[in-house]
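Observations on the model geometry
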Amino acid sequence: MTRNYISKEADILIVGGGLAGLWAAIRARDFAKKVIVAEKGKVASSGVSIFCHTTFAPVPPGQYEPYLKEQVERSNYLCDQGLVEVFLREIGGRLNDMISWGVEFERNPDGSLKTEAVRGQKVTRSALYTGRQMMMKMREEALRRGVEFEERVMITDLITSDGMLPTNGEIVGAVGLNTRTADFIIYHSPSVVLSTGAMSTKTNILYTNGLSGDGHAMAFRAGAEILNMEQACGQTFGVWNRKFATGGQQQFLMNNARIVNRLGERVMERYSAQAKVNNPEFDGHIEFGDICRAMAIENMEGRGPCYFDLRGWSQENVDKMKKILPTTMAAFEDSGIDVRKQLIESTPTTATYCASHQAGLRITSKCETTIPGLFAAGVTAFVGGGLSPQGFCTVSGYRSGEYAAKRAMGKIPRQLEKEQMDNLSEKALAWMKNKSGPAPDSLYNSLNTLTVPYEVSFFKQEKRIKNTLKELERLEKEELPQASATDAHELIKLHEFRNALTILKLIFTSALERKESRFGHYREEYPYRDDLNWLKWIVAKNDSNGGTSIKIEPVPFGNYPVKPEKVVKIPSSTQYKFKP
Amino acid sequence: MTIRSINHLLCETCSIRLTKGCPVIESCSVDVIRGNKDGKPLIAYAQDCHACFLCRDDCPNCAVVVSAEIPLILVNSYKY
């Protein structure tokens, strides 16, 4: 079938117009003439950064070593220390750039940057801004520099020099669809930067329904190495009274909220030695994974529901929260909840996946993935943990733009054969030919019914992991090909679903491999953090037979400045076993 | 639940719609809102709204009504 394609050329194509993507675009324009940002929604306001308010504060003089040590410790020694070192050296310069573009940071009376310690920070600090103001300034700066925005375009696959996925060649561009018209667009570009953010299974949590991990999935399909995907599981307890999910759990914890059960007992005291020893009113230092599992156990053992107890708050605290979390506080007010007088029920549940760089595409310090021509930035990339996501989006965005642009210099965008374009177009639009078949909403229902229960998400076990993988495989091989899209909106949702499946398969495949419990990953059979055997990276790759090959690599401490002081095996504080 | 309504009477005299184009039509990251032939915003896919409030905040005339209450997938299926 002959179609009219929209065909565009660029020096660099940046997929995803969030914080990392805008940084990449801005820096790329220092070197390259034609820089295109393709964004599924609206550039600067379709991801999470618009809702954020902390980034990493610059390293003060003389503090580099303690900052590095803390960042590595926060990652449980799993991080790529080369990337952390680059990050610490460059974040200050990037924040100065943002200030020069009009981003407003909170200041002390003497004009210096105001900083705060957020969860887990003892030595390092965070700087503070308003996400919306920051992102609008980044958008303005990109436009001022002549970056071209292609909004309402979902990039659906990468194009390779040998026409294969996975490829033995290099990336030469990408294809996509207009989200409103289903027009098929081909971008010819010698460098592609993936900065697509996290992945949601559309559970209505924390405004992330539009994120579908497109970069992770496309790069995996193309053959890039992807690391530690078992750490991609997101958990939240920012679900209020079973009817709001407006964010704020972090802020509440940092401002002296307690978590209590139905009996009025402080939940974390049962599970965490830290909780007993530290400020008894403060649960803010404990890992989210532990908090979520603890609350789930309380509920399953009959001591639930669990609640946020903000009754100790001063009016000053309430006013501060109204400024930082206007939507959350307005939601409470609209429901007639006075946070200083009433408990607020809180439910732990699965949240956005791939939301931190604890899992992601392997990159060099130039943000190159393992495929020539393909770069990754922000949470699409792997660091291994410990870093401020906003800070890493900033530094990696800048570097990916620079090195993607330098690679593109002197290269001419490659044109495709007509037959190849026909095939790509047909593939992208195939679901619109199916007149009957499952609708995307029904597929997402099946996916969430499978993956949201605690015995699959929070507490993993070999048999249950294998059953989940089997069902994910069935959804991918049997149901998805028959799915039907009645319009462009549904077609885009099916492409998103396809990516969600790819990522969830990787998550559960890696979860089967990691035989210990660490951060968000918990194995019933191995309820301990095992630094003796598991200071390792689980490296997954598309094996070109439709499967995934796994390599397990020890973290290369021989090359790193910070080594674990003692190698430990720590029992998990939140242990639970489901009856078979 | 979530996005409730858009009051087109308030769009009538909107200077932004008449000059640069309605900002609400481009607010939504999940394609809930489309534009009609008069350049006014329509709720096209209400069930996909995740109550981020960006559309409400982008409207200078308070024409968009959004509720923070949202269907939460499977949250009621847990044991409490």
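Residues numbered from 1 in each chain as written. Chains lettered and ligands numbered in written order. Predicted model: local features only at pLDDT ≥ 70, side-chain atom pairs only at ≥ 80, totals over all residues. Heavy atoms only, no water.

This part is about the pattern of salt bridges. Per the counting criterion, the structure on display carries 64 salt bridges over all chains. With a shortest N-O distance of 2.8 Å, Arg407(A) and Glu170(A) are connected by a salt bridge. One end of the pair, Arg407(A), is in helix α12 (residues 389-408); the other, Glu170(A), is in the loop between β8 (153-160) and β9 (171-178), and 237 residues separate them in sequence. You can call Glu170(A) partly exposed: its relative accessible area is 22%. Between Asp57(B) and Arg56(B) there is a salt bridge; the shortest N-O distance is 3.5 Å. Accessibility expressed as a relative area gives 43% for Asp57(B), which makes it partly exposed. With a relative accessible area of 35%, Arg56(B) lands in the partly exposed category. In the salt-bridge network here, residues are joined through shared partners; they are Arg27(A), Asp30(A), Glu141(A), Arg144(A), Arg145(A), Glu402(A) and Lys406(A). (Salt bridge = Lys/Arg side-chain N within 4 Å of Asp/Glu carboxyl O. Helix = DSSP H or I, 4+ residues; strand = E, 2+ residues; numbered from the N terminus. Buried < 20%, exposed > 50% of the residue type's maximum accessible area, 1.4 Å probe, protein only.)

This part covers the interface of chain A and chain B. Size of an interface, as often reported, equals the accessible area lost when the parts are brought together. The interface of chain A with chain B comprises 45 residues on the first partner and 32 residues on the second. Carbon and sulfur atoms supply 54% of the area buried between chain A and chain B, which totals about 3200 Å² over both sides. Per-residue buried area on chain A facing chain B is highest for Arg180(A), Arg242(A) and His489(A); these three make up 20% of the total on that side. For the pair chain A and chain B, the interface holds six salt bridges. For the salt bridge of Glu26(B) with Arg180(A), the shortest nitrogen-to-oxygen distance reads 3.0 Å. Our count for the contact surface shared by chain A and chain B stands at 16 residue pairs in polar contact (both at pLDDT 80 or more). At the level of elements, α9 (288-300), α11 (326-334), β17 (349-350), α14 (440-451) and α17 (488-513) of chain A are the ones that each hand at least two residues to the side of chain A that touches chain B. Broken down by element, the side of chain A that touches chain B gets its largest block of residues, three residues, from α14(A). Taken together, the residues of the side of chain A that touches chain B sort by class into 14 nonpolar, 20 polar and 11 charged. (Contact = heavy atoms within 4.5 Å. Buried area = accessible area lost by both parts, 1.4 Å probe. Polar contact = N/O pair within 3.5 Å; in protein donor to acceptor, adjacent residues only side chain to side chain. Nonpolar A, V, L, I, M, F, W, Y, C, P; charged D, E, K, R; others polar.)

Residue and element names in this part refer to chain A. Helix length check: α9, at 13 residues, gives a terminal C-alpha distance of 18 Å against a target of 18 Å (1.5 Å per residue), a fit within 8%. Judged by how many residues are buried, α9 sits mostly within the fold: 13 of 13 residues are covered. Phi for Gly302, located one or two positions after α9, is positive at around 90°. (Expected span 1.5 Å × (residues − 1).)

Attention now goes to the packing of helix α5 (residues 214-222) of chain A against α17(A). Residue and element names in this part refer to chain A. The interhelical angle for the contact between α5 and α17, taken along N-to-C directions, is 75°, at an axis separation of 9 Å. Viewed along their axes, α5 and α17 adopt a mutual orientation that is roughly perpendicular. Contacts between α5 and α17 involve Asp214, His216, Ala217, Phe220 and Arg221 on the former and, on the latter, Arg498, Asn499, Thr502, Ile503 and Leu506. A breakdown of the residues in the contact of α5 with α17 according to their chemical character gives four nonpolar, three polar and three charged. (Axes fitted to C-alpha atoms, helices over the stretch in contact; angles between N-to-C directions. Parallel < 35°, antiparallel > 145°, perpendicular 65-115°, else oblique.)

In terms of burial, helix α1 (residues 19-28) of chain A is largely enclosed, as 10 of its 10 residues are buried. Within the span of α1(A), buried status applies to Leu19(A), Ala20(A), Gly21(A), Leu22(A), Trp23(A), Ala24(A), Ala25(A), Ile26(A), Arg27(A) and Ala28(A).

Residues and elements named next belong to chain A. Along the chain, Asn255 falls in the loop between α6 (249-254) and β14 (258-260). You can call Asn255 buried: its relative accessible area is 9%. With 63 residues separating them in the primary sequence, Asn255 and Val318 have C-alpha atoms 9.8 Å apart. Once you skip the residues sitting within four places of it in the chain, Asn255 turns out to touch Trp313, Asn317, Lys320 and Met321.

With that settled, consider the sheet that holds β9(A). By definition, the strands of a sheet pair up through backbone hydrogen bonds, in either a parallel or an antiparallel sense. Residues and elements named next belong to chain A. Strands sit in the order β1-β10-β9-β8 across an open sheet of four strands; the sheet is mixed. Of all strands in the sheet, those bounded by a partner on one side alone are β1 (6-9) and β8. For this sheet, the mean angle separating the axes of adjacent strands, direction not counted, is 25°. Across seven bridges, the pairing between β8 and β9 is antiparallel. (Pairing = 2+ DSSP bridges.)

With that out of the way, let us pick up the packing of aromatic side chains. All names here are of chain A. For the structure on display, the rule yields 25 aromatic pairs over all chains. Centre to centre, the rings of Trp23 and Tyr398 are 5.9 Å apart; their planes meet at 70°, and the pair counts as edge-to-face. A residue pair is termed long-range when its members are at least 10 positions apart, and Trp23 in helix α1 and Tyr398 in helix α12 qualify at 375 residues. Residue classification places Trp23 among the buried positions, given a relative accessible area of 0%. For Tyr398, a relative accessible area of 15% corresponds to the buried category. Centroid distance Phe237 to Phe288: 5.3 Å. Interplanar angle 75°. Geometry classified as edge-to-face. Taken together, the residues span a long stretch of sequence, with Phe237 in the loop between β13 (235-236) and α6 and Phe288 in helix α9 at a distance of 51 residues. When its relative accessible area of 0% is taken as the criterion, Phe237 is described as buried. Residue classification places Phe288 among the buried positions, given a relative accessible area of 16%. Among the aromatic residues, ring-to-ring pairing joins Phe237, Trp240, Phe252, Phe288, Phe308, Trp313 and Phe332 into one connected group. In this structure, Arg94 packs its charged tip against the face of Tyr398, placed 3.7 Å from the ring centre. Above the face of the Trp534 ring, Lys536 is positioned so that its terminal group lies 5.9 Å from the ring centre. (Phe/Tyr/Trp six-rings, centres within 6.5 Å; stacked < 30°, edge-to-face > 60°. Lys NZ or Arg CZ within 6 Å of the ring centre and 35° of its normal.)

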